[in-house]
2 protein chains.
Amino acid sequence: MATKDERLREIIRHAYANAPAFTQLMDGAGVTPDDIQSVADLPKIPVTSKDELVQQQRANPPFGGWLAVPPHTLRRIFISPGPIFDPQGPEHLFLQEGRAEAFEAVGIGQGDIVINTFLYHLVPAGILLDDALAAAGATVVPTGPGNTEYQAQIAMGLHVTGYVGTPSFLKIILDKMAEMGIPKEAVPFKKAVFSAEPYPQSLRDIFEGEYGMRTAQTYATADLGVIAYEEPGQPGLRVSNQLIVEVVDPESGQPVPTGEVGHVVVTTFNKTYPLIRLGTGDLSAFTDETHTRLKGWMGRVGDAIKVRGMFLHPLQLKGAVASIPGTGNAQAIVRRPDVRDEVTLKVEFSGEDADREAVAEKIRAAVTAACRLKIDTVELVAPGSIPADARTVVDERTWD
Amino acid sequence: MATKDERLREIIRHAYANAPAFTQLMDGAGVTPDDIQSVADLPKIPVTSKDELVQQQRANPPFGGWLAVPPHTLRRIFISPGPIFDPQGPEHLFLQEGRAEAFEAVGIGQGDIVINTFLYHLVPAGILLDDALAAAGATVVPTGPGNTEYQAQIAMGLHVTGYVGTPSFLKIILDKMAEMGIPKEAVPFKKAVFSAEPYPQSLRDIFEGEYGMRTAQTYATADLGVIAYEEPGQPGLRVSNQLIVEVVDPESGQPVPTGEVGHVVVTTFNKTYPLIRLGTGDLSAFTDETHTRLKGWMGRVGDAIKVRGMFLHPLQLKGAVASIPGTGNAQAIVRRPDVRDEVTLKVEFSGEDADREAVAEKIRAAVTAACRLKIDTVELVAPGSIPADARTVVDERTWD
């Protein structure tokens, strides 16, 4: 097995030779592939933020110059909110290995029937976790998100032992089961793997304490796959062997000392889509000197935030609002009453007052469609009541 | 390569030894595996209708005694409306071969980027066609159904050359593109494979005549995979080599002569889920003496009909309506204005009149959730206005 430094040298050479965006990035910074001999040399390469990736894809569609193989060799192209095109080649097998580690951690394997509640189309989460569950030997029930009562019926009817999805949605399913009169001890779930949102201690107390489940969270992104995963009984999240993680100063891009909070920057070994030093926009800290464990998710660097497991991008939100005549500035406020994310959208409106409800509904439909995320409430407000420099997306959620 | 008779003898022995439902069926009919030496012997085995399969699954969950492998070897369990559990084992590779044949028929292969608009979770269509597209060498964009404008944007943005889904939905996407000001010659689709609903000549004239696409329909079910597929320029649908198709008298289960309309009965070689003589509920006719070509879909035997590619089951519909207090008999009427299926549901209602709109909305939500199919309109009618013996689902669509 090649060392990380060997694998890094290989992917850097490959990306420099085949991915025009990376060639340009290196040339612009005056760095050559030979300058990168080990992980310690990575900070010589500028960080590419997720917002820059979106802009590069827009300027040079569909992959912004980061695709390093002939397009016809792609297995799939996913579309994440942004919109961001995520190419999938054979190397996603590496990501699957990373994911299989997380399933082994809670003991999901042969004999388990698992509902996978992530979305199976457009975004990669559902299909890739499905493949990883198969690699772990489990039988998958591809339920996708939503349909809470149906999920509960399926879980009972098939005696489903495992759950994959967000912690929030498992709580909603368990509440529905209680409402259906199913006693806690009859709930079949024994093991759960979470992703796409933080896993608060309050929910862990319920799942592990009240229901006796084994649970583990993973930290993953659509571009990169599983970055780190929890091992039960161990602190923090273990960094996957399938990529290189740095925690850096958001301004300088230079590594911060162990224990200090910084921007999580990831380098993949994925030859199809060799993202080198991609800034995830997430904040975290290393908990040990070997840089193999992250403290967990500690906030965001950029403007986009995740709601119900999907990114809400300010630019996309503004574009959708602007498509409705009479609208001005807009601001989304995300709250989390009773462990479910709720989005209220305030929109300045200067049009005729006659049919404000219809206008609000049009805005709701346009934003829901563009951002692939349901907006719960739209409030029309007077022009000028949202300052021009206000944050477009305000996160008022707490995760305890 | 084994002959069909050899493969049949093998699957009969396997099913008799491992699938209790089949053992019971054979014993009850006084037939032994030795009695089945060739395809010509199949009529000795009683036909199992789709409704019987649903009842067997209910009585003996989840697979009604038809699973012939240890449950832990299953790759996935799908859930089709009914509800019917569809187990997937490694043998679904055979189905993929069947599907790949259909893609080759329109020339979908390496270099094609294809949107797959079938649902990727719950039902098998999306994932299995995704695998088959990969087997054909194409790049898949797993868009799933719905989101017409987004589908149009993706098709333009990625220059998507292929479409997989229902003919109706392709028409809706093309209409949306026209509405967006995209001229016909700029529409990137060149090849389309359809399934889940009939493909009328009127739409073929549009897709092939006005847009210059190569198109082919497939005839497939969730339990069996691709049964037959169209080869451009050839009459009728070619029966897949991966299964045995009979066309029989719906009453007697005995084969009808070539050219006569009868019930399509299918026997799989699937060792995981060896459905032997499953009645699909569909009507068709063989067009040649070698029984390798079907005339196409010619109607239904049972009560369940397909709407927008999903089965609408009368029992499930009635159960959902009955869950709302004050309701009586119900009847769904399916129409097809402007090539899109529309469902109007009439429900007898004897409750207080005060909030009839809210009651109608409750019924709509319950039926939509239970049947996994959107009900367009609910009409509350006076008690007694739907005769007790009326058909629960009335199909008023035409397919020209």
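Residues numbered from 1 in each chain as written. Chains lettered and ligands numbered in written order. Predicted model: local features only at pLDDT ≥ 70, side-chain atom pairs only at ≥ 80, totals over all residues. Heavy atoms only, no water.

Trainee: Sorry if this is basic, but what is going on with unusual backbone geometry here?
Mentor: Negative phi values dominate among residues other than glycine, just as trans dominates among peptide bonds. Residues and elements named next belong to chain B. Geometrically, the link from Pro 61 to Pro 62 is a cis peptide bond, its omega value of -5 degrees lying close to zero. Here Pro 62 shows up in the loop between α3 (50-59) and β2 (76-80). Going from Gly 82 to Pro 83, the amide bond is cis rather than trans, its omega being -10 degrees. Examined against the element boundaries, Pro 83 turns out to sit in the loop between β2 and β3 (84-88). Of note, His 159 is a non-glycine position whose phi angle comes to about 50 degrees, a positive value. Topologically, His 159 is positioned in the loop between α6 (148-157) and β6 (162-165). (Helix = DSSP H or I, 4+ residues; strand = E, 2+ residues; numbered from the N terminus.)

Trainee: What is the right way to read helix α6 (residues 148-157) of chain A from this model?
Mentor: For an α-helix, the turn length of 3.6 residues means that residues three or four places apart are oriented alike. Looking only at α6(A), the buried set comprises A:Thr148, A:Tyr150, A:Gln151, A:Ala152, A:Ile154 and A:Ala155. Buried positions along α6(A) lie against β4 (113-116), β5 (139-142) and α7 (167-179) of chain A together with β2 of chain B. Of the residues one or two after α6(A), A:His159 is the one with positive phi, at around 50 degrees. (Buried < 20%, exposed > 50% of the residue type's maximum accessible area, 1.4 Å probe, protein only. Contact = heavy atoms within 4.5 Å.)

Trainee: Help me understand the side chain of B:Asp341, please; the structure alone is not making it clear to me.
Mentor: By the secondary structure assignment, B:Asp341 is in the loop between β17 (327-335) and β18 (342-349). Within the structure, B:Asp341 has its side chain in polar contact with the side chain of B:Arg397 (distance 2.9 Å). (Polar contact = N/O pair within 3.5 Å; in protein donor to acceptor, adjacent residues only side chain to side chain.)

Trainee: What is the right way to look at the domain arrangement of chain A in this model?
Mentor: How big an interface is tends to be reported as the loss of accessible area on association of its parts. Residue and element names in this part refer to chain A. Per the domain assignment, the segments of chain A are domain 1 (4-89 + 242-294), domain 2 (93-230) and domain 3 (305-395). Taken together, the 23 residues of domain 1 in the interface contact 18 residues of domain 2. Area buried by domain 1 at its contact with domain 2 is led by Phe 78, Gln 242 and Leu 243, which between them contribute 32% of it. In this assembly, domain 1 and domain 2 are joined by one salt bridge. Lys 50 serves as the salt-bridge partner of Asp 223, at 2.7 Å between the closest nitrogen and oxygen. Along the contact surface separating domain 1 from domain 2 lie four residue pairs in polar contact (both at pLDDT 80 or more). The residue makeup of the side of domain 1 that touches domain 2, split by class, is 13 nonpolar, five polar and five charged. (Domains from an automatic or database assignment. Buried area = accessible area lost by both parts, 1.4 Å probe. Salt bridge = Lys/Arg side-chain N within 4 Å of Asp/Glu carboxyl O. Nonpolar A, V, L, I, M, F, W, Y, C, P; charged D, E, K, R; others polar.)

Trainee: What is the right way to read the interface of chain A and chain B from this model?
Mentor: Taken residue by residue, the interface counts 36 residues in chain A and 36 residues in chain B. Applying the counting criterion to the chain A and chain B interface returns six salt bridges. Within the residue set of the side of chain A that touches chain B, elements represented by two or more residues are β2 (76-80), α5 (125-135), β5 and α6 of chain A. A class-by-class count of the residues in the side of chain A that touches chain B yields 22 nonpolar, nine polar and five charged.

Trainee: What should I look at first to understand the relation of the copies chain A and chain B in this one?
Mentor: Superposition of the two copies of the chain requires a rotation about an axis together with a shift along that axis. After a rotation of 180 degrees and a shift along the axis of 0.0 Å, chain A superposes on chain B with an RMSD of 0.1 Å. The relationship between the two copies is best expressed as a two-fold rotation axis. Identified as the residue of chain A closest to the rotation axis by C-alpha distance is A:Tyr120, at 2.7 Å. Both copies share a contact surface, since 100% of the interface residues of chain A are interface residues in chain B too. (Least-squares fit on C-alpha atoms with pLDDT ≥ 70 in both.)

Trainee: Explain the sheet that holds strand β12 (residues 262-268) of chain B to me, please; I cannot follow it from the model alone.
Mentor: Sheets are built from strands paired through backbone hydrogen bonds, the pairs being either parallel or antiparallel. Residue and element names in this part refer to chain B. Sheet architecture is open: four strands sit in the order β1-β13-β12-β11, paired in mixed fashion. A single partner strand is all that each edge strand has here, and the edge strands are β1 (48-49) and β11 (243-248). Judged from the four bridges that link them, β12 and strand β13 (residues 278-284) form a sheet pairing that is antiparallel. Directly across from Val 266, in β13, lies its bridge partner Leu 278. (Pairing = 2+ DSSP bridges.)

Trainee: Please explain the environment of B:Val47 as it appears in this structure.
Mentor: Residue and element names in this part refer to chain B. With respect to the helices and strands, the residue Val 47 is situated in the loop between α2 (20-29) and β1. A relative accessible area of 24% places Val 47 in the partly exposed class. Each C-alpha atom, one on Val 47 and one on Ile 276, is 8.0 Å from the other, the two residues being 229 residues apart in sequence. If near-sequence neighbours (up to four positions away) are discounted, Val 47 is found in contact with Glu 52, Gly 253, Val 265, Arg 277 and Gly 279.

Trainee: When you look at the pairing of strand β8 (residues 214-221) of chain B in this model, what are you seeing that I'm missing?
Mentor: Each regular strand carries side chains that alternate between the two faces of the sheet. Residue and element names in this part refer to chain B. With seven of eight residues buried, β8 is to be regarded as a mostly interior element. Taken together, the four bridges between strand β7 (residues 191-194) and β8 define a ladder with parallel strand orientation. For Phe 194, the partnering residue across the bridge sits in β8 and is Gln 217. Handedness of the crossover joining β7 and β8 through helix α8 (residues 201-210) is recorded here as right-handed. With four bridges connecting them, β8 and strand β9 (residues 225-230) associate as antiparallel partners. Residue pairing for β9: Ala 220 is matched across the bridge by Val 226. (Right-handed = clockwise from strand over helix to strand, strands pointing away.)

Trainee: Looking at this structure, how should I read the packing of helix α1 (residues 4-18) of chain B against α2(B)?
Mentor: Packed helices, taken two at a time, are described by their axes: the angle between them and the distance between them. Residues and elements named next belong to chain B. Packing of α1 against α2 brings their axes to within 6 Å, and their N-to-C directions diverge by 105 degrees. Relative to α2, α1 is oriented roughly perpendicular. Within the contact between the two elements, α1 uses Ile 12, Ala 15, Tyr 16 and Asn 18 and α2 uses Pro 20, Phe 22, Thr 23, Met 26 and Asp 27. When grouped by side-chain class, the residues that make up the contact of α1 with α2 number six nonpolar, two polar and one charged. (Axes fitted to C-alpha atoms, helices over the stretch in contact; angles between N-to-C directions. Parallel < 35°, antiparallel > 145°, perpendicular 65-115°, else oblique.)

Trainee: Before we go on, may I ask you to explain the pattern of salt bridges in this structure?
Mentor: For side chains bearing opposite charge, pairing can occur when the charged atoms are close. Residues and elements named next belong to chain B. All told, the structure shown has 50 salt bridges over all chains when counted by the stated rule. Here Arg 238 and Glu 231 are joined by a salt bridge, their closest N and O atoms 3.7 Å apart. With a shortest N-O distance of 3.5 Å, Arg 340 and Asp 376 are connected by a salt bridge. Taken together, the residues Arg 340 in the loop between β17 and β18 and Asp 376 in the loop between α10 (356-371) and β19 (377-381) connect sequence positions 36 residues apart. Under the relative-accessibility criterion, Arg 340 is labelled partly exposed at 28%. When its relative accessible area of 21% is taken as the criterion, Asp 376 is described as partly exposed.

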